[in-house]
Amino acid sequence: MRTPRFLLAGTFVASLAAAGSLATPAVAQDEPLPHQKWSFASPFGTFDQAALQRGFEIYSQVCSNCHSMTLMHYRDLTGIGLNTAQIQAVAAAVTVPQGVDDQGQPKDGPASPASQFRSPFPNAKAASAANNGAVPPDLSMIVNAREGGPNYVYGVLTGFVPPPAGFKVPEGLYYNKQYPGHLIHMPPPLQDGTVSYTDGTKDNLAQEAHDVVTFLSWTANPEMVERKQLGVRVVLFLVFMTGLTYAVKRKVWSDVH
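These numbers were taken from a predicted model, which means no experiment stands behind them. (Residues numbered from 1 in each chain as written. Predicted model: local features only at pLDDT ≥ 70, side-chain atom pairs only at ≥ 80, totals over all residues. Heavy atoms only, no water.)

Enquirer: Teacher, can you tell me more about the overall build of the protein here?
Expert: Secondary structure assignment for the protein yields seven helices and four strands. Listing the helices and strands of the protein from first to last along the sequence gives α-α-α-β-β-α-α-β-β-α-α. Residue burial in the protein is summarised as follows: out of 257 residues, 37% are buried. (Helix = DSSP H or I, 4+ residues; strand = E, 2+ residues; numbered from the N terminus. Buried < 20%, exposed > 50% of the residue type's maximum accessible area, 1.4 Å probe, protein only.)

Right, here's the structure in full:
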């Protein structure tokens, strides 16, 4: 059973306002978004299952150390091609809150397929304290929450470059050519060789960013493929009914002339 999705209010700028400064120095020039080829972008496009699984590897090994995904449950991973045994193994390797014990003390235990993805911090205050006052945004719907969608998120992940001459980067911030204002609290999360893909795919920065954005696009739109397939069936039905209606009309009015 898939977890229901609800569009989050606001924009990605608002959700990331705590993650970086929005002041734009005069020496920093805005960069156009990189336009990637996404397997799911066309009207008949689908999610690349191999890319989804690699993207989940990156989220699990890198992104989940700071970012939550509160709308995701481990059972949802059937959507990226994992079977029941694989999902159980993934969940069992994670420790999540399990309520309280007989003495009323909080207790933890292995997750189950029905568990939400583990959150790295118990609450926003803890997240802020661990990240110099910035609260890393939840990634469940991040691709839908910003104009530019997957291209924007890809641009931020690959946009860490040396600042232009004369651009001062305060301590604790990082220069990113795609992020609004160019100053962000998040250090570069990906680089060549950040993960070792189990399928042997070359693990360079561009590949890692592309894969994790594919995964984030799926978490934000898990029913995308089904919606497209339904749309095709509806269009074909309407075409058929248009032809049938026209044929009936000609038959009914054929004797009038």
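Enquirer: What exactly am I supposed to notice about a nonpolar patch on the surface here?
Expert: Taken together, the side chains of Leu 230, Val 234, Phe 237, Leu 238, Phe 240, Met 241, Leu 244, Val 248, Val 252, Trp 253 and Val 256 make up a nonpolar region of the molecular surface, amounting to roughly 1100 Å² of accessible area. Using a relative accessible area of 54% as the deciding quantity, one classes Val 256 as exposed. (Patch = residues over 30% accessible without salt bridge, like charges linked within 9 Å, V, L, I, M, F, W, Y side chains within 5 Å. Areas by Shrake-Rupley, 256 points an atom, 1.4 Å probe, with all protein chains shown as cover. Salt bridge = Lys/Arg side-chain N within 4 Å of Asp/Glu carboxyl O.)

Enquirer: Looking at this model, I keep getting lost on the pairing of strand E2 (residues 106-110). Mind explaining?
Expert: In the case of a regular strand, side chains alternate between the two sheet surfaces. Sheet topology note: the strand E1 (residues 95-100)/E2 ladder contains four bridges and is antiparallel. Counterpart to Thr 95 in the pairing with E2 is Pro 110. Connecting E1 to the next strand, E2, in antiparallel fashion are five residues, including Gly 104 with a positive phi near 80°. (Pairing = 2+ DSSP bridges.)

Enquirer: Please explain the packing of aromatic side chains as it appears in this structure.
Expert: The tally for this structure, following the rule as stated, stands at ten aromatic pairs. Both rings, one in Trp 38 and one in Tyr 154, keep their centres 6.2 Å apart while their planes meet at 80°; by these two values the pair is edge-to-face. Residue Trp 38 is located in the loop between helix H1 (12-15) and helix H2 (49-61), and its partner Tyr 154 is located in helix H5 (residues 149-157); the two are separated by 116 residues in the primary sequence. With 5.9 Å between their ring centres and 35° between their planes, Phe 215 and Trp 218 make a pair best called tilted. Of the two residues, Phe 215 and Trp 218 both sit in helix H6 (residues 205-220), three residues apart, roughly one turn of that helix. The class for Phe 215 is buried, based on a relative accessible area of 0%. (Phe/Tyr/Trp six-rings, centres within 6.5 Å; stacked < 30°, edge-to-face > 60°.)

Enquirer: Even after reading the chapter, I still don't get the nonpolar core, so can you show me in this structure?
Expert: For soluble globular proteins, nonpolar side chains are generally found buried alongside one another. The biggest cluster of nonpolar side chains holds 45 residues, and the ones touching the most others in it are Leu 77, Phe 117 and Phe 215. The set of elements that each furnish at least two residues to this core consists of H2, helix H3 (84-92), H5, H6 and helix H7 (224-252). When residues of this core are assigned to their parent elements, the largest contribution, seven residues, is made by H6. The contact partners of Leu 77, leaving out residues within four places of it in the chain, are Phe 56, Leu 82, Ile 87, Val 90, Phe 117, Phe 215 and Trp 218. (Core = buried A, V, L, I, M, F, W, Y, C linked by side-chain atoms within 4.5 Å. Contact = heavy atoms within 4.5 Å.)

Enquirer: What is the right way to look at the layout of surface pockets in this model?
Expert: A water-sized probe rolled over the atoms picks out the places where empty space is left. As a volume, the second largest pocket reaches approximately 390 Å³. Lining of the second largest pocket is provided by 19 residues; of these, Gln 53, Phe 56, Glu 57, Ser 60 and Val 90 occupy positions nearest its centre. Elements supplying a minimum of two residues to the lining of the second largest pocket: H2 and H3. Among the elements that line the lining of the second largest pocket, the one with the most residues is H2, at seven residues. (1 Å grid on protein atoms, 1.4 Å probe; cavity = no way out; pocket = protein on both sides within 12 Å on 5 of 7 lines; lining within 4 Å. Points joined across faces, edges and corners; volume = space filled by probe spheres on them.)

Enquirer: Explain the environment of Gly 99 to me, please; I cannot follow it from the model alone.
Expert: As for its placement among the helices and strands, Gly 99 is situated in strand E1. If sequence neighbours within four positions are ignored, Gly 99 has contacts with Gln 105, Pro 106 and Lys 107.

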